[in-house]
Amino acid sequence: NDDTDVTTDAFPGEYDLSKTKFPLHYECKGRQMYYDEADCELLTKAQYEDLSDERKSDCESTYDVVQQNNLQEITVKSIAVFQAIMKAYLKAVIKELPKGPMKKALKTHAKGCMSGADVKTFYGFVKKNFDNISFYAVDPGLGMQGKCAVVVADLTDWEAPTYYFC
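Here is a short report on the structure shown in this document.

Conventions adopted
Residues numbered from 1 in each chain as written. Predicted model: local features only at pLDDT ≥ 70, side-chain atom pairs only at ≥ 80, totals over all residues. Heavy atoms only, no water. Core = buried A, V, L, I, M, F, W, Y, C linked by side-chain atoms within 4.5 Å. Buried < 20%, exposed > 50% of the residue type's maximum accessible area, 1.4 Å probe, protein only. Helix = DSSP H or I, 4+ residues; strand = E, 2+ residues; numbered from the N terminus. Phe/Tyr/Trp six-rings, centres within 6.5 Å; stacked < 30°, edge-to-face > 60°. Lys NZ or Arg CZ within 6 Å of the ring centre and 35° of its normal. Lys, Arg positive; Asp, Glu negative; His and termini not counted. Salt bridge = Lys/Arg side-chain N within 4 Å of Asp/Glu carboxyl O. Contact = heavy atoms within 4.5 Å. Pairing = 2+ DSSP bridges. Axes fitted to C-alpha atoms, helices over the stretch in contact; angles between N-to-C directions.

### Focus on the nonpolar core
Ranked by internal contacts, the top residues of the largest apolar core, which has 27 residues, are Phe 82, Leu 90, Phe 122, Val 126, Phe 135 and Val 152. Elements that contribute at least two residues to this core include exactly helix H5 (79-96), helix H6 (101-114), helix H7 (122-128) and strand S7 (133-137). Counting residues per element, this core draws most heavily on H5, which supplies seven residues. Among the nonpolar cores identified, the runner-up in size contains eleven residues, and Val 65, Ala 153, Tyr 163 and Phe 165 belong to it.

Okay, structure coming up:
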């Protein structure tokens with residue numbers, strides 16, 4: 001049984017939670033790509049540019065992280081909605097975890113995920129950059145209820161956004 005983490009090979013980023021920008025979140029860089037619906041494959045910008053105009057009409061701009069994790073964008077209309085989603089999600093995770101270091105770490109850092117104006121907290125970061133943030137979930141309905149993880153994408157650099165997984 002090979003326990004090698006292939007995610008770190010596919011997506012450059014910081015996966016050691018003790019070294020990430022925000023506690024409880026690992027982060028990775030994505031790349032803008034194009035999804036070719038006719039051939040069901042991801043294309044780089046160069047590959048897309050080489051296509052004929054007719055073939056380009058079969059393509060849609062996307063990101064590698066979104067496609068390879070089967071994420072769907074969800075509409076979070078305000079920071080208050082994001083806060084409610086995070087509260088519900090973290091409360092459910094804390095309830096399921098057995099007593100131990102993981103549960104203690106989650107409780108210790110949960111407030112920074114759900115409140116605080118300081119941009120050093122995840123909530124403060126999302127609030128300050130809300131206009132450049134997109135939200136994704138594997139299941140949008142469950143994501144909006146806080147019943148599955150919501151991935152936060154900082155699209156300040158839209159060609160290479162940073163994705164935060166909680």
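From this point on, the discussion continues.
### Remarks on the packing of aromatic side chains
One pass over the structure, following the stated rule, counts nine aromatic pairs. Judged by centre distance (5.5 Å) and plane angle (70 degrees), the rings of Phe 125 and Tyr 164 are edge-to-face. Pair noted here: Phe 125 is in helix H7 and Tyr 164 is in strand S9 (residues 162-165), with a separation of 39 residues, a long-range link. Of the two residues, Phe 125 and Tyr 164, both sit in the buried class. Their ring planes at 50 degrees and their centres at 6.2 Å tell us that Tyr 136 and Tyr 163 sit as a pair that is tilted. In this pair, Tyr 136 is assigned in strand S7 and Tyr 163 in strand S9, connecting sequence segments 27 residues apart. Relative accessible area serves as the criterion here: at 6%, Tyr 136 is assigned to the buried category. By relative accessible area, which is 0% here, Tyr 163 ends up buried. Pairwise contacts between aromatic rings join Phe 82, Phe 122, Phe 125, Phe 130, Phe 135 and Tyr 164 into one cluster. The positively charged end of Lys 56 is found above the aromatic ring belonging to Tyr 48, 5.3 Å away from the centroid.

### Digging into the side chain of Lys 103
Topologically, Lys 103 is positioned in helix H6. The side chain of Lys 103 sits in the buried core without any salt bridge; Glu 96 is the nearest counter-charge, 9.3 Å away. Among residues more than four places away in sequence, those in contact with Lys 103 are Ile 94, Leu 97 and Pro 98.

### Section: the pairing of S7
In terms of residue burial, S7 counts as a mostly covered element, since five of its five residues are buried. With burial as the criterion, each face of S7 is covered, one bearing Ile 133, Phe 135 and Ala 137 and the other bearing Ser 134 and Tyr 136. Where strand S6 (residues 72-74) and S7 come together, three bridges link them in antiparallel fashion. The partner of Ile 74 across the bridge, within S7, is Phe 135.

### A look at the sheet that holds strand S3 (residues 32-36)
Backbone hydrogen bonds are what pair the strands of a sheet, in a parallel or an antiparallel way. Strand order in the open sheet made by the three strands is S4-S3-S5, with antiparallel pairing throughout. One side of each edge strand has no neighbouring strand; the edge strands of this open sheet are strand S4 (41-43) and strand S5 (59-63). Averaged over all adjacent pairs, the angle separating strand axes in this sheet is 40 degrees, with direction ignored. Bridge count between S3 and S4: three bridges; the pairing is antiparallel. Within the sheet, the bridge partner assigned to Tyr 34 lies in S4 and is Leu 43.

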